Amino acid sequence: MAISAHESVDVGRPGGTPPPGAAVSQRSAWLGQHMGTAALAAVVGYTIGHYVGSSFANGYEHVAASGQNDVANVLALTLAVVGWLLGSGALNYPMAKLVGREPAPEIEEKGVGRYFRYSLDHKVVAMQYVIAVLLFLFTGGLLAMAVRTELLSPTTHYFGPGTYIAIVSEHGTVMMMMATSVITGPIAGWLLPLMIGSRRMAFPRVEAFSLWTFIAGYMVILTALPFGGFPTGWTGYAPLQTQAAGGMDSYLVGFVVVGSGMIAAGFNIAVTIINYRAPGMTWSRLPIFVWSLLAVASLLALATPTLATGCLFGILDRTAQTSFFVDQHGGSSFLWENLFWFFGHPEVYIMALPGFGIVGEILPVFTRKPLFGYRVGAAGMLGVALLSFFVWQHHLFQSGINPDMRPLFMLTTELISIPTGFIYLTAMGTLWKSKIRFEVPMLFALALYFNFLLGGISGVYLSDVPVNVTVHGSFFVMAHFHYTIMGGLIFAFFGGLYFWLPKMTGKVMNKKLSLIHFWMMFIFFNATFFPLFIVGLLGQPRRVFEYAQRLQGLNDFSTISAYLLASSFIVFTINFAWSIFIDPKPAASNPWDSLGLEWQVPTPVPFDNFERIPLILADPYHYGEPVPTPVADLGVPAVALAGSGAGGGSGPSGLSGAVVVDGEGRASDV
Amino acid sequence: MSRQHASTANGASEPRHARRVVAMWLVASAIVDPLFYFVAGPHMPPGDMTSSAAGAQFDFNVLTMAALPVIVGVWIYGAYTLLTWRAGRGGPDPVMTPTSRSNIRIQTAWIGTTTVVVLSAFVFGTVELVVPAGAGGGEGPQPIWTPTSKTVLPVQVIGQQWKFTYRYPTYGGFESDKLVIPNDTTIAFHVTSLDVIHDFWAYQLGVKADANPGTDNVAFTTTRAVGKVTVRCDELCGIWHGAMYNYGEVVPKAQFQQWATSTEASLASATKLLPPFAWSYTPSANGAGGSFYPDNVDAFSKTEVYGAGAVSAKTAASKSS
């Protein structure tokens, strides 16, 4: 039975994009809509919003009294974001549908220009995300350097208190916004369809929307600085929020913007995982990274609306003089605390779980063993996701909330360490009697386990209410969450980049520079943050610019380590620029000898990912089998998959109606 | 198949890895735990100046005693596996065995052990929270864990941008910018704010309670030793948050009595200008003066006076509602 290539594409395409016949672009990438027109439209939107806001709200008493017009700020930022989306072309399709016109057909873009456009190709969007999150990360990192510089001395000040608190708040918010998408955007965006045997994400437009709102959120939050910053930290506690100057509007609008992208990304990822798995990709064959994404997606979709709601209340308080958070007028400052942390704690796991997923992928490859306790690991991630909705009041142990809830929240918080412990069980079981190759991704994965151990265990101290009395709000907390977020998520992010960049870009990172980056990052990360546990225990509160003289030694040690930690990212940037753009060396299609489905496709990965939708035959972790099972029947000639160990078998036909697999037929086709 | 034979043959002569790791772990734990508890433990923050500080220190030490074996165990396991099975040693490729993917006994043991540890931590934490009357944390306007002591000195802590002041309702309601409290006494800190959220953190006292506008947040502790106290704001409250700290002192009872009565007398004319004592205050939009809540108009004077008679914490607390 011979199937022509064209037919097979149609057979295997679950509502694929783009429709046949529309796949070639003739126009120049610089015509039409791109990042430049988006920026232009954003400036126009900003100007209109500010003009309108100023013209009708200037007469308000509170505007006259405070000398700042929050209405104008909020309208300006909102219309800037709308303009950004209009200018980028994000709304062309829905608007055309809205007025009943048939939208212009989507085109497959070629060349560099597509990276500056509203692209629907998940691989292009993911690369845009890589640059965006790195920009976000390094901006936040520079702000962190400013914070550490101020803390060099308890008495000599490099910044005024207003500037300092603006820097601290901006650092926290930028980093938290970045961390929501640092893996779900670039790495999951690129790999999720490949890992589950799909040609695309479920909603390519929604994925692109997530990216463009993410970038818009980045720009909105940066506008806080020219507005004078905001003094609340990333937690934005009211009534300080209500009292704060114009920069607060950027925080509130920024979180609504980023939040809408997060909600969209959450639904998109969940729907993709549930509906776009290739035939044979049963739940028990799903890569552990995909399980982590499913858990994260549910958190993104269910927790983020609370944040957006809280921010909208805050905007109303500041512009329309409502009093959701103003206790004198019947509101409550506790309302914000609860809304914020009801989002804020699942958010913490939005940041932790994808990291666990990535190291779960890396470990089997470099130990040549199956992932130990796969089911327990997957259950652990879902357990963490579920429990994370029931722990938020541990941020409020000393706040004066109803005290009899305290043991309950202590219990739920401590319970969450059980599923988190599963992550260690899978790692330790996988390492046992394995054959460990210390490649760069493996080093990052091992570093995550080292860092997260300290981060996780310090969390138990925080969950214990009596100890929390001392450590709440101190540098101990600060060190704790840097150990979990930076030591966990960011290490996993870089591990994932080093692991998958050869597939994503088709180029090899320089190993020497990668090793220098890793060791500098690992050593100076610990040197920066470990002393801060001690500083916190000795009584230094977070977000202060003055501290006890006796703590200067530890603070200075931390600051100098922080500079060196930052320089490790310079090494990375040089490595990235050199290896990807300046002096690229082609990567093998499966350099780590992995069984993962994403490694079985050729490099560069074709536009449609798979020539035909693959038939999955096994999970990607069956290392060490005497007779290796191919991971999937890709339906393409075995020569294209040399050395991958896959593609040889002829799969059982008729497993699913969606695909026609016939190994012999294909062979005769060649 | 031949590889499988080779590994079985190796298995016979291979060292007993599991026993080695467990032995190393037991030895290391037996060293670090007592070392920490007896050498470092007594010096761990926040000291033992009050019941709640000592409780926090004890809890911290107990948690560390539980945490150290976990940390040490993971480190030993990691170091052992990484060194023993590194590819550089050229060992055989791992071979899939029935237990490569999962091992019910190990998984059950793991889940069982972590569950027991976690539940023990919960029970321990709850006991340590409830028995010492909230362990020095803010319990809100209606504390449910109250001290056993009959004489409780109420001290109101008022946070505002950017300073703390202290009112002594049982001494005519005078307001001081220095915290002075008597030794060997149970104190009820009533923490409130005039503007944004602050947090009263008396480090050496082991007391921490958020100062919320319009809310009376109560925290208890019992002083055990005289000495200096640092008070810091522990909730971000605006640009001068970093400079919002002051100092206090725990003094002998007689000295406190003398300080309080003399300060009450010397500040009497100023106290008259203050708003009447209330559990919380509602400043006007400009920050100063203003009215107070209708449900807070009860003057504190109805309650018995510390020193002259016993003040029941329960009565004091119930008045706040």
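Residues numbered from 1 in each chain as written. Chains lettered and ligands numbered in written order. Predicted model: local features only at pLDDT ≥ 70, side-chain atom pairs only at ≥ 80, totals over all residues. Heavy atoms only, no water.

Peer 1: Whenever I open this one, the overall build of chain B confuses me. Can you help?
Peer 2: A tally of regular secondary structure across chain B gives eight helices and ten strands. Taking all 321 residues of chain B together, 50% fall into the buried category. In the form shown here, chain B has an accessible surface area of approximately 14,300 Å², with 64% of it arising from carbon and sulfur atoms. (Helix = DSSP H or I, 4+ residues; strand = E, 2+ residues; numbered from the N terminus. Buried < 20%, exposed > 50% of the residue type's maximum accessible area, 1.4 Å probe, protein only. Areas by Shrake-Rupley, 256 points an atom, 1.4 Å probe, with all protein chains shown as cover.)

Peer 1: Looking at this structure, I do not really get unusual backbone geometry. What am I missing?
Peer 2: Excluding glycine, residues mostly carry a negative phi; peptide bonds, for their part, are mostly trans. Here T603 of chain A and P604 of chain A are connected by a cis peptide whose omega angle stands at -5°. For P604 of chain A, the location among the structural elements is in the loop between α21 (552-582) and β1 (615-616). Positive phi is not limited to glycine here, since A133 of chain B has a value of about 55°. Among the structural elements, A133 of chain B can be located in the loop between α5 (104-130) and β1 (152-160).

Peer 1: Explain the sheet that holds strand β9 (residues 227-233) of chain B here, please?
Peer 2: Two modes of strand pairing occur in sheets, parallel and antiparallel, and in both the strands are linked by backbone hydrogen bonds. Residue and element names in this part refer to chain B. Read from one edge of the open sheet, five strands run β4-β10-β9-β6-β7, paired in mixed fashion. Strand pairing shows two members of the sheet lacking a second neighbour, β4 (179-182) and β7 (207-211), which therefore form its edges. On average, each strand axis in the sheet is inclined to that of its neighbour by 20°, with strand direction left out of account. Where β4 meets strand β10 (residues 245-251), four bridges bridge the pair, whose relative direction is parallel. Across the sheet, residue P182 finds its bridge partner in β10, namely V251. (Pairing = 2+ DSSP bridges. Axes fitted to C-alpha atoms, helices over the stretch in contact; angles between N-to-C directions.)

Peer 1: Could you clarify how one ought to interpret the interface of chain A and chain B in this entry?
Peer 2: The extent of an interface is frequently quoted as the accessible surface area lost upon association of the parts. On the side of chain B, 92 residues touch chain A, which itself brings 92 residues to the contact. In total, about 7,400 Å² of surface goes out of reach between chain A and chain B, with carbon and sulfur atoms giving 69% of it. The partner of R101 of chain B in a salt bridge is D619 of chain A, with the nearest N and O atoms 2.7 Å apart. Summed over the shared surface of chain A and chain B, the number is 21 residue pairs in polar contact (both at pLDDT 80 or more). (Contact = heavy atoms within 4.5 Å. Buried area = accessible area lost by both parts, 1.4 Å probe. Salt bridge = Lys/Arg side-chain N within 4 Å of Asp/Glu carboxyl O. Polar contact = N/O pair within 3.5 Å; in protein donor to acceptor, adjacent residues only side chain to side chain.)

Peer 1: Could you clarify how one ought to interpret helix α6 (residues 253-266) of chain B in this entry?
Peer 2: For the α-helix, the turn length of 3.6 residues means that residues three or four positions removed from each other point alike. All names here are of chain B. Taking 1.5 Å per residue as the helical rise, α6 with its 14 residues ought to reach 20 Å, and the 20 Å between its terminal C-alpha atoms agrees with that figure. By the burial criterion, the buried members of α6 are F256, A260 and T263. Relative to the axis of α6, the buried residues are bounded by an arc of 75° and lie together on one face. Of the exposed residues in α6, those oriented more than 90 degrees away from the buried face are A254, Q258, A265 and S266. Against β1, β2 (163-168), β3 (174-176), β4 and β10 lie the buried residues of α6. (Expected span 1.5 Å × (residues − 1). Arc of directions from axis to C-beta.)

Peer 1: For this particular structure, what's the right way to read the pairing of β10 of chain B?
Peer 2: Put simply, side chains in a regular strand alternate between the two faces of the sheet. In terms of strand pairing, β9 of chain B meets β10 of chain B through six bridges, oriented antiparallel. Along β10 of chain B, the bridge assignment pairs G227 of chain B with V250 of chain B.

Peer 1: What am I meant to see in the side chain of D317 of chain A here?
Peer 2: All names here are of chain A. Within the secondary structure, D317 sits in helix α12 (residues 288-319). Although D317 lies buried, it forms no salt bridge, and the closest oppositely charged side chain, R318, sits 9.1 Å away as judged by the N-O distance. A polar atom in the side chain of D317 sits 3.2 Å from the backbone nitrogen of S323. One polar contact links the side chain of D317 to the main-chain amide nitrogen of F325, over a distance of 2.9 Å. Each residue touching D317, except ones within four places of it in the same chain, is listed here: T242, T322, S323, F324, F325 and V326. (Lys, Arg positive; Asp, Glu negative; His and termini not counted.)

Peer 1: Sorry if this is basic, but what is going on with the environment of V250 of chain B here?
Peer 2: All names here are of chain B. The residue V250 is located in strand β10 in this model. As a C-alpha pair, V250 and T185 span 65 residues in sequence and 9.9 Å in three-dimensional space. Setting aside its immediate chain neighbours within four residues, V250 contacts M49, I181, P182, N183, L205, T223, A225, V226, G227 and V229.

Peer 1: Please clarify how the packing of helix α6 (residues 122-150) of chain A against helix α7 (residues 161-181) of chain A should be interpreted in this entry.
Peer 2: In a pair of packed helices, the angle between the axes and the distance between the axes together describe the arrangement. Residues and elements named next belong to chain A. For the pair α6 and α7, the least separation of the axes is 8 Å and the interaxial angle reads 150°. Considering their axes alone, α6 and α7 lie roughly antiparallel with respect to each other. Like other packed secondary-structure pairs, α6 and α7 cross with a definite hand, here left-handed. Residue-level inspection shows Y129, V133, F136, L137, G140, G141, L143, A144, A146, V147 and E150 of α6 in contact with α7, the latter providing Y164, I167, V168, E170, H171, V174, M175, M177, M178 and S181. Here the contact of α6 with α7 is composed, by residue class, of 15 nonpolar, four polar and two charged. (Parallel < 35°, antiparallel > 145°, perpendicular 65-115°, else oblique. Left-handed = near helix turned anticlockwise from the far one by under 90°. Nonpolar A, V, L, I, M, F, W, Y, C, P; charged D, E, K, R; others polar.)

Peer 1: How should the packing of aromatic side chains be read in this particular structure?
Peer 2: Where two aromatic rings form a pair, the distance of their centres and the angle of their planes describe that pair. In this structure the tally under the stated criterion is 74 aromatic pairs over all chains. Seen from the ring of Y93 of chain A, R205 of chain A lies directly overhead, with NZ or CZ sitting 3.4 Å from the centre. Lying across the ring of W201 of chain B, K208 of chain B places its NZ or CZ 3.8 Å from the centre. (Phe/Tyr/Trp six-rings, centres within 6.5 Å; stacked < 30°, edge-to-face > 60°. Lys NZ or Arg CZ within 6 Å of the ring centre and 35° of its normal.)

Peer 1: Teacher, can you tell me more about the confidence of the model for chain B here?
Peer 2: As a note on interpretation, predicted positions should not be read in detail where pLDDT is low. Residues and elements named next belong to chain B. In this model, chain B carries a mean pLDDT of 82, and residues with pLDDT of at least 70 account for 84%. Under a pLDDT of 50 for its full length, residues 1-11 has, in the predicted model, seven contacts with residues more than four places off or in other chains. Low pLDDT (under 50) marks residues 284-321, which in the prediction has 70 contacts with non-local residues, meaning those over four places away or in another chain. (pLDDT = per-residue confidence, 0-100.)

Peer 1: Would you mind showing me how to read the environment of S176 of chain B here?
Peer 2: Residues and elements named next belong to chain B. With respect to the helices and strands, S176 occurs in strand β3. When the C-alpha atoms of S176 and T165 are compared, they prove to be 5.7 Å apart, with eleven residues separating the residues in sequence. With near-sequence residues (within four places) excluded, S176 lies in contact with T165, Y166, Y168 and W259. Polar contacts involving the side chain of S176 include one to the main-chain carbonyl oxygen of K178, which spans 2.7 Å.

Peer 1: Any chance you could explain the pattern of salt bridges here in plain terms?
Peer 2: Between side chains of opposite charge, pairing is possible as soon as their charged atoms come close. This structure, assessed with the given rule, holds ten salt bridges over all chains. Between D121 of chain A and K123 of chain A there is a salt bridge whose closest N-O contact spans 3.9 Å. D121 of chain A gets classed as buried once you look at its relative accessible area, which sits at 11%. Ionic pairing is found between K178 of chain B and E249 of chain B, a salt bridge with its closest N-O pair at 3.1 Å. Here the residue K178 of chain B occupies a position in the loop between β3 and β4, and E249 of chain B occupies one in strand β10, the gap between them amounting to 71 residues. A single network of salt bridges, built from pairs that share partners, joins D70, D249 and R318 of chain A.

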